[in-house]
Amino acid sequence: MKTIYVDNAATTAMSDRAIAAMTPYLKEIYGNPSSLHTAGQVAKEALENARADVALCLNADPREIYFTSGGSESDNQCIRSAALNGLKKGKKHIITTAFEHHAVLHTLKKLEKEGFEVTYLDVHADGLVTAKQVEEAIRPDTALVTVMYANNEVGTIQPVREIGEVCKKAGVVFHTDAVQAVGHIPVDVKADNIDMLSLSAHKFHGAKGVGAVYCRKGIPLNTFVEGGAQERGRRAGTENLAGIAAMAAALKEACENMSANSEKMLALRDRIIDGLLKIPHSKLNGDKVKRLPSNVNMCFEGIEGEGLLLHLDDRGICASSGSACTSGSLDPSHVLLALGLPHEVAHGSLRISLSEYNTDEDADAILKAVPEVVEYLRGISPVWEELEKGERKHLI
Ligand SMILES: *Cc1c(COP(=O)(O)O)cnc(C)c1O
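A.B. asks: Would you explain the site of the ligand in this entry?
C.D. replies: Near the ligand you find 13 residues, and of these Ser72, Asp177, Gln180, Ser200 and Lys203 are the closest. Side-chain polar atom of Asp177 to a nitrogen atom of the ligand: 2.6 Å apart, as the coordinates give it. Ser200 places a polar side-chain atom, nitrogen or oxygen, 2.6 Å from an oxygen atom of the ligand. Burial of the ligand by the protein amounts to 87% of the accessible area it has alone, namely 380 Å². A total of three residues in the shell around the ligand trace back to one element, the largest contributor, which is helix 3 (residues 71–87). Residues that form the shell around the ligand fall into these classes: two nonpolar, eight polar and three charged.

This is the structure:
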């Protein structure tokens, strides 16, 4: 049975170009970029070429790019750094949204315990926050605004440029977790008024365990991994050169093909959304237009997302419920709850996240399997029975 992989918001397959870019650094070019001999200097040159490639895709200066182990580390470093530098000026307030990735939310929870005050902006039912909300929340003691570029569960694209503008006017540092955006939609750190940004290679067909921070010139970036002077003293440790070279190649490829990939995925996405909305008592989560070309997120009343996933997996379809699967808990997703969905509805969620490797046949298979599985699960669901008998009110 062919596997249909539609969980690209969780991770992606590496592209051939990324693998090809990586291999020389696993074999012939194994020098340490910090070594002064030729082998080291060849590696150093490759490292700086990769940095220049990544910078170019973001419209940044290469000196504003710092390599890390991925999105989580980048989020931690940016947020902690901005918080600590705010504190030096007596600023202890941070603004974020209720539906950030846990790499952001858990870092902020820790900072709250350390004496920071965090404002969690409400997310509208369409999965968006506004620049006005940010503007109204800014105080004289605000050290940082951190708002994700695109949400990893519902795929909604936030008005980052406007939020950046508001922060710029107020003189507040603006960080964005752009892990779902970079390589997928145009991201321009200058035009978007971004001070700090996190990205991760494995979300755009690079390797796992490698990412980067963009930190605008003049914004201090603190060190949290102590040791050697790698990354201009901002992150110690011998660089993951193979991973970094693959990331640069994958990003270059993603940026070159962005409009063609988007067009292809948009067509698939909208076909899947329109098809699945024909299922009675179903709902699309997040704005239909201001969303990633790759993202479908739906709720089906009367079923459990986990059950749906397992049955789809049996049919070779790898999707996600978008719920708190990492914690192994059966709590519904904090993102869907932030959008105001009732618990019962949020439980029945399905996230399909596409890549350009998906085909029309994949969409056909999804459009056949999901309605069948939903019907089957409803057939054995006591909740659905109550809904049908009118003992319980339909919520969607
Ligand atoms: C995947 C993801 C992360 C974490 O990135 P890793 O490289 O897996 O650590 C952070 N933020 C968002 C929005 C993500 O989708």
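A.B. asks: Can you help me understand helix 7 (residues 241–256) in this one?
C.D. replies: Three or four residues apart is the spacing at which side chains of an α-helix point the same way, because the helix has 3.6 residues per turn. Look at helix 7: 22 Å from first C-alpha to last across 16 residues, which is about the 22 Å you get at 1.5 Å a residue. Of all 16 residues making up helix 7, 13 are buried, and the element is well covered by its neighbours.

A.B. asks: Quick question: what am I supposed to make of the side chain of Gln180 here?
C.D. replies: Along the chain, Gln180 falls in the loop between strand 6 (173–177) and strand 7 (196–200). What makes Gln180 buried here is its relative accessible area of 8%. Only 3.0 Å separates the side chain of Gln180 from the backbone oxygen of Ala9, close enough to count as a polar contact. Beyond its immediate chain neighbours, meaning those up to four positions away, Gln180 contacts Ala9, Ala150, Asn151, Asn152, Lys203 and Leu292.

A.B. asks: Just to check I follow, could you spell out unusual backbone geometry for this structure?
C.D. replies: Outside of glycine, negative phi angles account for most residues, and trans bonds account for most peptide bonds. Positive phi, normally seen in glycine, also occurs at Asn193, with a value near 55 degrees. Structurally, Asn193 can be placed in the loop between strand 6 and strand 7.

A.B. asks: How should I be thinking about the sheet that holds strand 4 (residues 117–121) in this particular structure?
C.D. replies: In any sheet, the strands associate via hydrogen bonds between backbone groups, in a parallel or an antiparallel arrangement. Taking strand neighbours across the sheet as the criterion, the seven strands line up as 2-8-7-6-5-3-4 in an open arrangement whose pairing is mixed. The open sheet is flanked by strand 2 (65–68) and strand 4, the only strands paired with a single partner. When the angles between neighbouring strand axes are averaged without regard to direction, this sheet yields 20 degrees. Of the strand pairs in this sheet, strand 2 and strand 8 (residues 211–215) are connected by four bridges, and their pairing is antiparallel. Residue pairing in the sheet places Tyr66 in a bridge with Val213 of strand 8. Helix-sheet contacts for helix 4 (residues 102–113) involve strand 3 (93–97), strand 4, strand 5 (142–146) and strand 6, and the interaxial angle to strand 4 is about 145 degrees.

A.B. asks: I would appreciate a short explanation of the nonpolar core in the present structure.
C.D. replies: Generally speaking, nonpolar side chains in soluble globular proteins are found buried as a group. Core analysis: the largest hydrophobic core is formed by 68 residues, its most contacted members being Leu58, Val145 and Leu197. With nine residues, helix 7 is the largest single contributor of residues to this core. Filtering out sequence-adjacent residues up to four positions away, Leu58 remains in contact with Ile65, Val182, Val187, Asp188, Val189, Leu197, Leu199 and Tyr214. Core analysis: the next-biggest nonpolar cluster, separate from the first, contains 28 residues, Leu312, Ala319, Ala363 and Leu377 among them.

Conventions adopted
- Residues numbered from 1 in each chain as written.
- Predicted model: local features only at pLDDT ≥ 70, side-chain atom pairs only at ≥ 80, totals over all residues.
- Heavy atoms only, no water.
- Near = heavy atom within 4 Å.
- Polar contact = N/O pair within 3.5 Å; in protein donor to acceptor, adjacent residues only side chain to side chain.
- Areas by Shrake-Rupley, 256 points an atom, 1.4 Å probe, with all protein chains shown as cover.
- Helix = DSSP H or I, 4+ residues; strand = E, 2+ residues; numbered from the N terminus.
- Nonpolar A, V, L, I, M, F, W, Y, C, P; charged D, E, K, R; others polar.
- Expected span 1.5 Å × (residues − 1).
- Buried < 20%, exposed > 50% of the residue type's maximum accessible area, 1.4 Å probe, protein only.
- Contact = heavy atoms within 4.5 Å.
- Pairing = 2+ DSSP bridges.
- Axes fitted to C-alpha atoms, helices over the stretch in contact; angles between N-to-C directions.
- Core = buried A, V, L, I, M, F, W, Y, C linked by side-chain atoms within 4.5 Å.

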